[in-house]
Structure formats: C-alpha cells, structure tokens
Amino acid sequence: MMTLNDKKQKMPMLTMLSPITSMLIFLVVIPLIYVLVLSFCKTNEYYQVMFTFSFDNYKNLLSPSYFQVYMNSIVIAAITTVICIVLGYPFAYYIVKQPPKIRTILYMLVIIPFWTNSLIRIYGWKSFLGASGLLNNLFVWLGITHKPLELLFNRGAVVLGMTYTLFPFMVLPLYTAIEKLDLTLIEASYDLGARKVNTFLHVILPLTSSGIFAGAIMVFIPTLGFFFVSDILGGGKSDMIGNLIERQFGSANNWPLGSALSIILILLTLIMVRLYTKAGGKLEDLG
Amino acid sequence: MNDQHDFLFFKFSNVRRMIMSEKEVLVKLRGINKQYGTNQVVKDLNLDIYKGEFLTLLGPSGCGKTTTLRMIAGFETPSSGEMTINGEDLINKEPFDRNINTVFQSYALFPHMSIYDNIAFGLKMKNMKKADIKPKVEEILELVQLTGFGGRFPHQLSGGQRQRIAIARALVNNPQVLLLDEPLGALDLKLRKQMQVELKRMQKKLGITFVYVTHDQEEALTMSDRIVVMNSGYLEQLGTPDEIYEKPRTKFVATFIGETNLFEATIAQVDEDEVLLNFETGCMRGLGKDFELDEIVYASVRPEKMNFGSSNFYKPSMPAVVKEHIYIGSIVKCIAMLPNGQEVKIQRLSGEPLPKPNEVINLYWEPEDATIMHSREDTLFSLIENVNLGGAYDDSK
C-alpha cells in the first residue's frame, strides 16, 4: 500500500511538470532574455540590430520628452485605478449581498465581456462617442448642444476606455475579498455600538483592503500597456508607454529601444507588485 | 424546641421573600413571534428577564433559542410582539443603539486589530477619551486574567484566550444585558468546566444580567439562576435548575434534562393527592393532583430514584430482568428490561448489593419520586403489540 502511494505522489510530479516547465522556458524565459539582450544593443542606419553592448537606449529614455510620456501613463493609470475602485467597490458589495441566483447572473454579466475582443469593444466606444456618434446625435436631437461635442481624442476618453476595459479586473478580486468577509464581524461591530459609517471604515474596509490592493494592481499595470485604447480613443494625443513600445516594434522599427522600454515597464510592474506584497497582499490573489 | 424551629422557619421565609421581591424585571418579551417565510422559529414567547440574574435558554438545535438571543441583540426583528428594556421599547432600536452586548459563538474578534484595540473598540465608538479607555481596558484584561496581552493579535491566542477576550470586549462596555451565544461550544471539556466557573464568578462580581444560550443541559444546570427550556419554538418550561430537574412539566423537559425513565400509564385510581398508575407491565403509585380516572399520563422517574425490590409482591412494582451493570467510578448504571421490551435505567452507588444479570427482580419507586405529566394521548401505546422483536429474537435460546 505504501509503495503504491509513494509512486502515486512522486512519479506524476515530474511528468506533469516537464511540459509546463518547457513551455515556460520557451515561451517566457527565452523571449524575456532576448528582450533583455536586445535592450542593450544598437541599430545601424538601416535599422538592423547590431549586437554591440551599449547603454544608449536607456540614456535616450531618460530624456524629458519620454518622461512626459511616463508621467502621462502613470497619471492615466492612477485615475483609471481610482475610478475603478470607487465604482467597483459598491458594485462588488452589491453583488455579494444578492441572493445566490441573482448573484450568479450579475457575476456572469461582469465576466461575459471577456468573451468578446476588447479591440472591437473599444471601436464600439469610438463610434459611440464620435462627432457623428450615437451620443452626440442624441445630444443634438435633445437640444442640449448645437454642435457635436468633442468627446474623443483626449485624456478623458482614454480613461473612460481603460476603465471600461479593466473594470472586471477590479470587481473580481473585490468580489472575492468581500465574499470572504465574516458577517458576524459586522454584527459584532454594530453590537459594540459602531454605526454604519464607522463599521465600514473600521471593520469592512480594512478587512477587504486585500481585494482593493489586488484590484488596483490588476488595473494599474495593464493600463500602462494597453496601447490600443489610447491609440483608438486618444488619437495619438495621449501617448502611454504601451504606445511607445508598439511604435518601436512597428513603424519606427527600433527593436532595441522598444526592448529597453519593455524592460522599464517590467521593472515598473515588479516595483508595484513589491509594494503590494509589502502592504500585506498575497500573490495568489492576483491570479 | 418546636417554637424555635418555627421561629427559624419564619425568619428564613422572610429572608426568602426579601430576596424574591428584590427581583426587578429588566427585559420583557411579550407575545414574540419570529417567522422566516412559512417557517415559524419562535412561537408566542413571553419572558421576563430579571436584573442581575443568570438566565439560560436551553434547547436542542433549531429550538429558537439563538433566534431569541439575536432578537434581544437587535440582529433580527420579531415578526410580532413587544420587547422592552426598563420599560422602554427595544424593537425599534438599532443594535448599535442598544446597551446590550454579545459574546459570539465564533468570538468574532476583529482579526486586523490588536487585543487592546478589540476591547477598546466599543469605548472608542462611544467617543470616550483615550486616557479614560486605557485603565478600563487594563482593568477588564485583569478580570479575564490576560493582563499584558493587549499588544497581541487574535490569531496569536489560543481558543480559550480568544474566548476570554470576547467576553472582555463585551463586558468592558458595562452592558445592561450580556448575551452569550454558546460561548463555550468550541472549547475542550476541561477548559469548558473551568470557564463555566469563571463566567459564574464574573457574573456574580459584576452583577450584570447574563442571558446564556446553550444546548448542554449540564452547563445550564450548573451555571444558571433560572433556565428557559425551549423546544421547536415554544417555551416548554421556565424555572430554577432544581425545579426543572425535579419537577419537569412536560415529557420533553423530562427527557431533555438529565437521564430519565419515561413510562406511559393510565390512572387507575385517584386518591387525595396520590394516584395509582396502571402500566402495561405493572402497577405503581405516584403523587399528583388534577388527574382524572382513566387519563393517559407519562411518569418520569430518574435512574437514581429507581430501586431494586425483592420478588415479593407486597408493594406495587414492576417485574423486570436485569440485563447488565456498567461501572462508572462511584456509581453503577444498571439496565433492566420490562416484559414488554422497554429498557429501564437504574443508577446505584458502587458497593451496594446488586442483583446479578439475568435475574428476575421487581423494580419500584417511592410515590414522591415520580413526576406525573398529562400526555394529551387518548390510548395507551402498547409496546407488546407494536414492537417487532425481529430476527434477532430467538425463542430457542
């Protein structure tokens, strides 16, 4: 009996691990190393990669014009995150409070948008907000404005698109955290004389903060990289790090510079995750 | 000599009356009903809770005891009925406006706060000054014998320690009523016994009204001033522990509290304050008034009140066969079987002469040791006719 059990535990461990390990090595580790190597390379006048070691790319990226893009990225990501928290928290709380049947339906409604391409949904927003879009037509028809409003191609439109795309990433960790909340703790708080606001501030909020942190990470980091949202809704006026990277690998054809930008984005992400774990968050909650 | 006895008795009864009259009603429940959909959990509950008493709500799970407690705490609203504290309406007050605190079954300590902050929470919410909170918290930590634990967190404490903190957190607010919802349920037996004594000590010391919910009858009997026995939403009996134990009013109370032998019988003869009971397999006497001839009743006799008689028939008795003796330290539990298959529990002290197993004996009890209860049945349930002895019963053996 014992030997059978031992075999059962040891053998599959290796057999199951090896495909995953090799997949990770080929699809994650090797490309990352390649990107890291590229980021220290140069290009010649024909935009071909020269494998000579230099810090030029990083030096370029310290220039003020790039800094402006970083700041813009961080500002948009921060605003998006805050809006997602403010909207997502009551939303998640409301879902948890529903009877199981309605809860499942609402939960599905949050998840279903994942099943359609986010690019298509962002184009949908573009035609909805555009000068001859549905919203503007409605405003003109209602007589609120005479001329169509300029709703697109500004920072607000980008934030709207980001919030729309990443809202579920905020709701899901919040939902998990709020669902885990022990209701007797809320009763205990009332019992000890805390009114609703105080109960929220002193008991509910601190006990669901892990969900807020996890949601913030899962919204903040992708916002930096979702270049297509700022491309389509920002119209190139509101560039983010993601746009720069995309351009270096695309039209600018400067892979080493793009790689260096990617490395900076990865470092930024790691710093955020480090801050998150320092604040007491668990990596598993990030999914 | 006799005069002196009378005088002493007079004095005692006077003192007794004084103690009784001091009882002041604190919480009053009148006609309380609680319904969840079609499921009625509490049915027409009337209850007075006295100031400074230790009242226990006792009953099996699902009897409505916890719901009653939660209604007093304010977490549930009665479907109908009145509830007052010191004459003031209680039902329309939010839980945070009631000067009532609860010790939860799961303790419900705030995991993100230190022990100090947990205890201070209620005082902070009442906007007490920080300087005033500190001595109060320290005083209560001393009361629960956990001085110096203020800086720790709930997860660093053992179950028993968390339990004490939960009590301290409630008591520090000096509530009018302290509600305890099976607070000792998660503790091991030894710790539970110790906490029972301690809880009683604290209650006496502070003079706070305790309303205690439990399904453990032994716990209820040892700690309470009065016990409310509940069953499927109804209040079955309210009384002091000895009243509940010695004079159960219903079949449920008799069987739920302690061990007992329950017999069905018809009243064969009604004397002044004694009745003759006719059982399926015998005939006995019991004390009781207000019984009618031929009425079906239950007789409850505690195992320690059961006696083995000799096989002469000069006293009314029940013939039985001794099945086995179980030695439990200072007492012996004996099981005997009546001719109709009913098992009777008899409890004797170790060392007493006992009949041997398989011996035919007569069981009897003194008339005052049986509690006779109305049954509301109209026919006697015959075990001889209704119990199938099945394949296990073999005549040839």
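On a predicted model such as this, the values are computed, not experimentally measured, just so you know. (Residues numbered from 1 in each chain as written. Chains lettered and ligands numbered in written order. Predicted model: local features only at pLDDT ≥ 70, side-chain atom pairs only at ≥ 80, totals over all residues. Heavy atoms only, no water.)

1. Focus: the overall build of chain A
Scanning chain A from terminus to terminus reveals 12 helices and two strands. Listed by position from the N terminus, the elements making up chain A come as α-β-β-α-α-α-α-α-α-α-α-α-α-α. By its C-alpha atoms, chain A is 80 × 75 × 35 Å across when sized along the principal axes. Looking at chain A residue by residue over its 287 residues, the buried ones come to 38%. Accessible surface for chain A amounts to roughly 16800 Å². Of this, 72% is attributable to carbon and sulfur atoms. Averaged over its 20 positive side-chain charges, chain A has a centre that lies 2 Å from the centre of its 13 negative ones. (Helix = DSSP H or I, 4+ residues; strand = E, 2+ residues; numbered from the N terminus. Buried < 20%, exposed > 50% of the residue type's maximum accessible area, 1.4 Å probe, protein only. Areas by Shrake-Rupley, 256 points an atom, 1.4 Å probe, with all protein chains shown as cover. Lys, Arg positive; Asp, Glu negative; His and termini not counted. Charge placed at Lys NZ, Arg CZ, Asp CG, Glu CD.)

2. Digging into the sheet that holds strand 13 (residues 282-287) of chain B
Residue and element names in this part refer to chain B. What the five strands build is an open sheet, ordered 13-12-11-14-20; its pairing is antiparallel. A strand with exactly one partner marks an edge of an open sheet, and here the two such strands are strand 13 and strand 20 (370-374). Here the average twist between neighbouring strands, direction ignored, is 40°. Pairing of strand 11 (residues 261-270) with strand 14 (residues 296-301) involves six bridges; the strand directions are antiparallel. What sits directly across from Phe263, in strand 14, is Ala299. (Pairing = 2+ DSSP bridges. Axes fitted to C-alpha atoms, helices over the stretch in contact; angles between N-to-C directions.)

3. A few points about the interface of chain B and chain A
Each partner contributes residues to the interface: chain B has 23 residues there, and chain A has 17 residues. A combined buried area of about 1800 Å² lies between chain B and chain A, and 65% of that area is made up of carbon and sulfur atoms. Taken together, chain B and chain A are joined by two salt bridges. One salt bridge connects B:Arg70 with A:Glu187, and the closest N-O pair in it is separated by 2.6 Å. Inspection of the chain B/chain A interface yields five residue pairs in polar contact (both at pLDDT 80 or more). For the side of chain B that touches chain A, a count of residues per class yields 13 nonpolar, six polar and four charged. (Contact = heavy atoms within 4.5 Å. Buried area = accessible area lost by both parts, 1.4 Å probe. Salt bridge = Lys/Arg side-chain N within 4 Å of Asp/Glu carboxyl O. Polar contact = N/O pair within 3.5 Å; in protein donor to acceptor, adjacent residues only side chain to side chain. Nonpolar A, V, L, I, M, F, W, Y, C, P; charged D, E, K, R; others polar.)

4. A closer look at the nonpolar core
Residues and elements named next belong to chain B. Counting residues in each nonpolar core, the largest one holds 38 residues, and the members touching the most others are Leu29, Met83, Phe110, Phe121, Val177 and Leu179. With near-sequence residues (within four places) excluded, Leu179 lies in contact with Leu69, Ile72, Ala73, Ile100, Asn101, Thr102, Val103 and Val211. Within the second largest apolar cluster, 35 residues are counted, among which are Leu123, Ile133, Leu143 and Leu180. (Core = buried A, V, L, I, M, F, W, Y, C linked by side-chain atoms within 4.5 Å.)

5. Remarks on the packing of aromatic side chains
For the structure on display, the rule yields 24 aromatic pairs over all chains. Pairing B:Phe54 with B:Phe210 gives two aromatic rings, centres 5.5 Å apart and planes at 40°, and the pair type is tilted. Pair noted here: B:Phe54 is in strand 3 (residues 54-58) and B:Phe210 is in strand 8 (residues 209-214), with a separation of 156 residues, a long-range link. One exposure class covers both B:Phe54 and B:Phe210, and it is buried. Where B:Phe252 meets B:Phe256, the ring centres are 5.2 Å apart and the plane angle is 15°; that geometry is what we call stacked. Taken together, the positions of B:Phe252 and B:Phe256, both in helix 9 (residues 251-256) and four residues apart, correspond to about one turn of that helix. An identical accessibility class is assigned to B:Phe252 and B:Phe256; each is buried. Within the aromatic cluster, the residues linked to one another by ring pairs are A:Phe40, A:Phe53, A:Phe55 and A:Tyr58. Its guanidinium or amino end placed over the ring of B:Phe110, B:Arg169 lies 4.9 Å from that ring's centre, counting from NZ or CZ. Cation over ring: B:Arg302 sits above B:Tyr245, and NZ or CZ is 4.0 Å from the ring centre. (Phe/Tyr/Trp six-rings, centres within 6.5 Å; stacked < 30°, edge-to-face > 60°. Lys NZ or Arg CZ within 6 Å of the ring centre and 35° of its normal.)

6. Quick notes on the domain arrangement of chain B
You can read the domains of chain B as domain 1 (11-246) and domain 2 (259-383). On a C-alpha basis, the centroid separation for the pair domain 1 of chain B and domain 2 of chain B is 39 Å. (Domains from an automatic or database assignment.)

7. Here we look at helix 4 (residues 100-111) of chain A
Residues and elements named next belong to chain A. Relative to the 16 Å expected for 12 residues at 1.5 Å per residue, helix 4 spans 16 Å between its end C-alpha atoms, a close match to the ideal helical length. Within helix 4 the residues assigned to the buried category are Leu106, Val110 and Ile111. Taken down its axis, helix 4 places every buried residue within 140° of arc, on the same side. Exposed and facing more than 90 degrees away from the buried side of helix 4 are Lys101, Ile105 and Leu109. Contacts made by the buried residues of helix 4 are with helix 3 (64-97) and helix 7 (155-180). (Expected span 1.5 Å × (residues − 1). Arc of directions from axis to C-beta.)

8. Comments concerning the sheet that holds strand 3 of chain B
Residues and elements named next belong to chain B. Across the sheet, six strands lie side by side as 6-7-8-3-9-10; this open sheet has mixed pairing. For this open sheet the edge positions go to strand 6 (100-103) and strand 10 (234-239), each flanked by a neighbour on one side alone. On average, adjacent strands in this sheet sit at an angle of 20° to one another, irrespective of strand direction. In this structure, strand 3 lies alongside strand 9 (residues 226-231), joined through four bridges in parallel fashion. Within strand 9, the position partnered with Leu58 by the bridge is Val229. Contacting strand 3, strand 6, strand 7 (177-181), strand 8 and strand 9, helix 2 (residues 65-73) crosses the sheet at an angle of about 145° to strand 7. Across the face of the sheet, helix 5 (residues 159-171) comes into contact with strand 6, strand 7 and strand 8 while running at roughly 175° to strand 6.

9. Thoughts on the side chain of B:Thr281
Summarising the element assignment, B:Thr281 is placed in the loop between strand 12 (274-279) and strand 13. Setting aside anything within four residues of it in sequence, one finds B:Thr281 in contact with B:Met318, B:Pro319, B:Leu338, B:Pro339 and B:Asn340.

10. Comments concerning unusual backbone geometry
One non-glycine residue, B:Tyr107, lies in the positive phi region at around 70°. On the basis of relative accessible area, B:Tyr107 is assigned to the buried category, the value being 7%.

11. Remarks on the packing of helix 3 of chain A against helix 9 (residues 196-225) of chain A
All names here are of chain A. Contact geometry of helix 3 with helix 9 gives a least axis separation of 9 Å together with a crossing angle of 135°. Comparing the axis directions of helix 3 and helix 9 gives the class oblique. The two elements helix 3 and helix 9 cross, and the hand of that crossing is right-handed. Mapping the contact onto sequence places Ser73, Ile74, Ile76, Ala77, Ala78, Thr80, Thr81, Cys84, Ile85, Tyr89 and Tyr93 in helix 3 and Phe200, Ile204, Leu205, Thr208, Ile212, Ala216, Val219, Phe220, Thr223 and Leu224 in helix 9. Residue composition of the contact of helix 3 with helix 9, by class: 16 nonpolar, five polar and no charged. (Parallel < 35°, antiparallel > 145°, perpendicular 65-115°, else oblique. Left-handed = near helix turned anticlockwise from the far one by under 90°.)

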